[in-house]
Amino acid sequence: MGQIKKILGNNIRRLRTSRGWTQVYLADVLELTPSFLTLVESGQRGMSLEKIENMAEIFQIPVASLFIDHDFSENGEKNQMYLRNAELKKLRQRLGDEIQKKINDAIDELIIKG
């Protein structure tokens, strides 16, 4: 069994269960069969890069974080901090984009009315 597949599967399972999602739910969101997701989580199958990117988007994490070995890393705490920081940066960016859009919409509305 490939080490990368095992790491990816463990991370997907960890992320999924931390959110209280079932395999059926996540498989449905990703347009996969639950049995295929079971094989991925067990490290027996890999996923296409497209599905891995979708997975990262769904969990709102960097793609690379799906390949960090959290279970066996000597720097587990450091990896967790990296993930948390990456998630916070992504959230900050998303909120910043949303706020900027609202400001721009308000200015556009004032310009049109003015």
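Our subject is the structure listed above.
Residues numbered from 1 in each chain as written. Predicted model: local features only at pLDDT ≥ 70, side-chain atom pairs only at ≥ 80, totals over all residues. Heavy atoms only, no water.

1. What about the packing of aromatic side chains?
Right, on to step 1. A complete count under the given rule lists two aromatic pairs for this structure.
Right, on to step 2. With centroids separated by 5.3 Å and ring planes inclined at 20 degrees, the aromatic side chains of Trp 21 and Phe 59 adopt a geometry described as stacked. Note that Trp 21 is positioned in the loop between helix H1 (3–18) and helix H2 (23–30) and Phe 59 in helix H4 (residues 49–59), a separation of 38 residues in sequence.
Right, on to step 3. A residue is classified by how much of its surface remains accessible, and Phe 59, at 2% relative accessible area, is buried.
Right, on to step 4. Among the aromatic residues, those joined into a cluster by ring pairs are Trp 21, Tyr 25 and Phe 59. (Phe/Tyr/Trp six-rings, centres within 6.5 Å; stacked < 30°, edge-to-face > 60°. Helix = DSSP H or I, 4+ residues; strand = E, 2+ residues; numbered from the N terminus. Buried < 20%, exposed > 50% of the residue type's maximum accessible area, 1.4 Å probe, protein only.)

2. Some thoughts on the nonpolar core
Right, on to step 1. By size, the foremost hydrophobic cluster in this structure holds 17 residues, and its most contacted members are Ile 12, Leu 26, Met 47, Met 55 and Leu 66.
Right, on to step 2. Secondary structure elements with two or more residues in this core: H1, H2, helix H3 (34–41) and H4.
Right, on to step 3. Considering each element in turn, this core owes the most residues, four residues, to H4.
Right, on to step 4. Look past the residues within four positions of Met 55 in its chain and what remains in contact with it is Ile 12, Leu 26, Leu 30, Met 47 and Leu 66. (Core = buried A, V, L, I, M, F, W, Y, C linked by side-chain atoms within 4.5 Å. Contact = heavy atoms within 4.5 Å.)

3. Focus on the pattern of salt bridges
Right, on to step 1. Within this structure, the stated rule accounts for three salt bridges.
Right, on to step 2. Between Arg 13 and Glu 41 there is a salt bridge, with the nearest N and O atoms lying 4.0 Å from each other. Here Arg 13, found in helix H1, pairs with Glu 41, found in helix H3; they are 28 residues apart in sequence, far enough to count as distant.
Right, on to step 3. With relative accessibility at 31%, the residue Arg 13 sits in the partly exposed group. (Salt bridge = Lys/Arg side-chain N within 4 Å of Asp/Glu carboxyl O.)

4. Thoughts on a nonpolar patch on the surface
Right, on to step 1. Together, Leu 88, Leu 91, Leu 95, Ile 99, Ile 103, Ile 107 and Ile 111 make up an exposed nonpolar region whose accessible area comes to about 610 Å².
Right, on to step 2. On the secondary structure map, Leu 88 appears in helix H5 (residues 76–113).
Right, on to step 3. You can call Leu 88 partly exposed: its relative accessible area is 45%. (Patch = residues over 30% accessible without salt bridge, like charges linked within 9 Å, V, L, I, M, F, W, Y side chains within 5 Å. Areas by Shrake-Rupley, 256 points an atom, 1.4 Å probe, with all protein chains shown as cover.)

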